[in-house]
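Coordinate inspection notes
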Amino acid sequence: MSRTQWGSRLGFILASAGATVGLGSIWKFPYVTAMNGGGAFLLIYLLLTFTLGIALLLAEIAIGRAAACGAVSAFAQLGSRRWKLVGYAGVLCGFLVFSFYSVVGGWTLGYLLRAVDGRVMSNDPAALARLFGDYVSDPFESLLTHALFTGLTLLVVMCGVQKGIERAGKVLMPLLFLLMLGLIARSLTLPGAEAGVAALLTPDFSKVTPGMLVEALGLAFFSLSVGAGCMIAYGSYLGRDAKLAGAALWVTGLTTLTSVLAGLMIFPAIYAFGLDPQAGPGLTYMTMPVVFNHLPFGQGLATAFFLLLLMAALTSSVSLLELVAVFPIDEWGVGRRKATLLICLLVFCAGVPAALSFGPLADWKLFGRNVFELMDYTASNILLPLGGIGTACFAGWVIWPTMRAELQLPRALASGVRFIYCWAAPVLIGLVLVYNI
């Protein structure tokens, strides 16, 4: 099957950053950091990201470019049919993540509408908490915005690689960074903001537990979109002239930079206005409106922020849809439009229980987690690490000559990367998985 290619190396980097810089960096990172000790968690997260994370990101991009197809077909083509199991696990993971991710993307859409009509403009944390609680517990609106976000993802994918994904990344990601820097500048000037910065950056190693390591590893994979095979699909559109190591370093750097910036944007406001740093998934939605309300033209900035956050969420969900859609396209010859439409319908249905987890299904829990939390935990802390182990072993033990040719690294660095694939990644990820289970 012939493959469309990215229009430029910059286009690939920004599109890949769009896939990784999304709700994992802006929505999830601040509240997970707050719940796991602040600075100590940040250091561990960065360490895992720039070792295991970037190595696995490189592996997925290289596998995709070498095979020029999606995850399931790539593992079979470069290895053998039994390696398809890793691809199947990735597709299942991508489907699961997309199902609950589109619910959170729907929240972003809902808050964009609330920014437009001014409902989010308040200085009262309790009122903002009620606003968020009323929204996510409303079954009709939660399902409606979940459906709309899934539909928007479908539309972007149907525009194609260069005209849809790449063009959006080139425009929206720089704008998102500029707006974040402006909001950080204002957030840092709030009275009491220094306590938030200290909470984010000051390491408290007494908080380091095996459970925290599991969370950090899961977030590193979630943020970089590795372990499921999203970057295999994106790598399959990459030309032979691109240097993979440099591109992966740029993508990883932009992703981690966004995570830290999101923390600097949100943590000072949390402490300045007495908000709960462990408010969970609603932290972004209950914190940023307070900041906007203290800014000139705050409502317009709030609208712009939630619009760009929506776009960031869309670029990430597009990579998830691409991961899942490539499977029937490559394996069964299904047309792209038919495949993406069917998958989006299935994703909407699978996401319904997650959308109702804070309303009608709030009391239904398994292992102490509601459906939304269970889907998030299963994907981030079980399926993604399992996919990481499979990808690492495949890259290090099965197709290393192909990997070495694709990566074009100096001998010493290549040996270190192979050590990560063969031993460090499988052992470390395996240890946290055993603990987690």
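Given the structure is predicted, the values throughout are model-derived calculations rather than measurements. (Residues numbered from 1 in each chain as written. Predicted model: local features only at pLDDT ≥ 70, side-chain atom pairs only at ≥ 80, totals over all residues. Heavy atoms only, no water.)

Description of the packing of aromatic side chains
Inspection of every chain in the model, using the stated rule, returns 22 aromatic pairs. For the ring pair Y285 and F306, a centre distance of 6.3 Å and an interplane angle of 10° mean the geometry is stacked. Residue Y285 is located in helix α13 (residues 283-292), and its partner F306 is located in helix α14 (residues 298-332); the two are separated by 21 residues in the primary sequence. Each member of the pair, Y285 as well as F306, is classed as buried. Look at W400 and Y421: their rings are 6.3 Å apart centre to centre, the planes differ by 65°, and that puts the pair in the edge-to-face class. Of this pair, W400 sits in helix α17 (residues 400-407) while Y421 sits in helix α18 (residues 411-436); the two residues are 21 residues apart in sequence, bridging distant segments of the chain. Note on W400: relative accessible area 7%, which makes it buried. With relative accessibility at 0%, the residue Y421 sits in the buried group. Within the aromatic cluster, the residues linked to one another by ring pairs are F100, W107, Y111, F132, Y135, Y285, F292, F305, F306, F358 and F372. Its end group placed over the ring of Y135, R114 keeps NZ or CZ at 4.2 Å from the ring centre. In this arrangement the basic side chain of R369 is found over the ring face of Y377, its NZ or CZ atom lying 3.8 Å from the centre. (Phe/Tyr/Trp six-rings, centres within 6.5 Å; stacked < 30°, edge-to-face > 60°. Helix = DSSP H or I, 4+ residues; strand = E, 2+ residues; numbered from the N terminus. Buried < 20%, exposed > 50% of the residue type's maximum accessible area, 1.4 Å probe, protein only. Lys NZ or Arg CZ within 6 Å of the ring centre and 35° of its normal.)

What about the packing of helix α9 (residues 193-201) against helix α12 (residues 244-272)?
Their axes nearest at 7 Å, the elements α9 and α12 cross at an angle of 135°. As judged from the angle between their axes, α9 and α12 are oblique. Seen from above, α9 lies across α12 with right-handed handedness. Facing A193, A195, G196, V197, A199 and L200 of α9, the residues of α12 in contact are V260, G263, L264, F267, P268 and Y271. (Axes fitted to C-alpha atoms, helices over the stretch in contact; angles between N-to-C directions. Parallel < 35°, antiparallel > 145°, perpendicular 65-115°, else oblique. Left-handed = near helix turned anticlockwise from the far one by under 90°. Contact = heavy atoms within 4.5 Å.)

As for helix α1 (residues 9-20)
Taking 1.5 Å as the rise per residue, α1 with 12 residues should run 16 Å; its terminal C-alpha atoms sit 16 Å apart, in good agreement. With respect to burial, α1 is a largely interior element, 10 of its 12 residues being buried. Every buried residue belonging to α1 is among G11, F12, I13, L14, A15, S16, A17, G18, A19 and T20, and all of these are buried. (Expected span 1.5 Å × (residues − 1).)

Comments concerning the side chain of N36
Following the sequence through the fold, N36 ends up in the loop between α2 (23-35) and α3 (39-67). Given a relative accessible area of 14%, N36 falls into the buried group. One polar contact links the side chain of N36 to the main-chain carbonyl oxygen of V32, over a distance of 2.8 Å. (Polar contact = N/O pair within 3.5 Å; in protein donor to acceptor, adjacent residues only side chain to side chain.)

Quick notes on helix α10 (residues 210-224)
Here α10 is 15 residues long and its end C-alpha atoms lie 21 Å apart, about the 21 Å a rise of 1.5 Å per residue gives. Among all positions in α10, only M212, V214, A216, L217, G218, L219, A220, F221, F222, S223 and L224 are buried. Where α10 ends, the next residue or the one after it, S225, has phi of about 60°, a positive value.

Details of the nonpolar core
One finds W107, F305, F306, M403, L407, Y421 and I429 to be the most contacted residues of the largest nonpolar core, which totals 156 residues. With 19 residues, α14 is the single largest residue contributor to this core. (Core = buried A, V, L, I, M, F, W, Y, C linked by side-chain atoms within 4.5 Å.)

Description of a nonpolar patch on the surface
Taken together, the side chains of W397, V398, F419, W423, V427, L428 and L431 present a nonpolar region at the surface, about 720 Å² in accessible area. When contributions to the nonpolar patch are tallied by element, the ones reaching two or more residues are α16 (371-398) and α18. Broken down by element, the residue count for the nonpolar patch peaks at 5 residues, all from α18. Structurally, W397 can be placed in helix α16. (Patch = residues over 30% accessible without salt bridge, like charges linked within 9 Å, V, L, I, M, F, W, Y side chains within 5 Å. Areas by Shrake-Rupley, 256 points an atom, 1.4 Å probe, with all protein chains shown as cover. Salt bridge = Lys/Arg side-chain N within 4 Å of Asp/Glu carboxyl O.)

Some points on the environment of L96
Among the structural elements, L96 can be located in helix α5 (residues 84-117). If we ignore the near neighbours within four places in the chain, the residues touching L96 are M375, T378, A379 and L383.

Re unusual backbone geometry
A positive phi angle is found at A68, which is not glycine, with a value near 55°. With respect to the helices and strands, the residue A68 is situated in the loop between α3 and α4 (71-78). A positive phi angle, close to 55°, is found at F367, a residue other than glycine. Assignment of secondary structure puts F367 in the loop between α15 (336-355) and α16.

Focus: the environment of S16
Inspection of the secondary structure puts S16 in helix α1. Separated by 323 residues in sequence, S16 and A339 place their C-alpha atoms 22 Å apart. Those residues in contact with S16 that lie beyond four places of it in its chain are M231, Y234 and V251.

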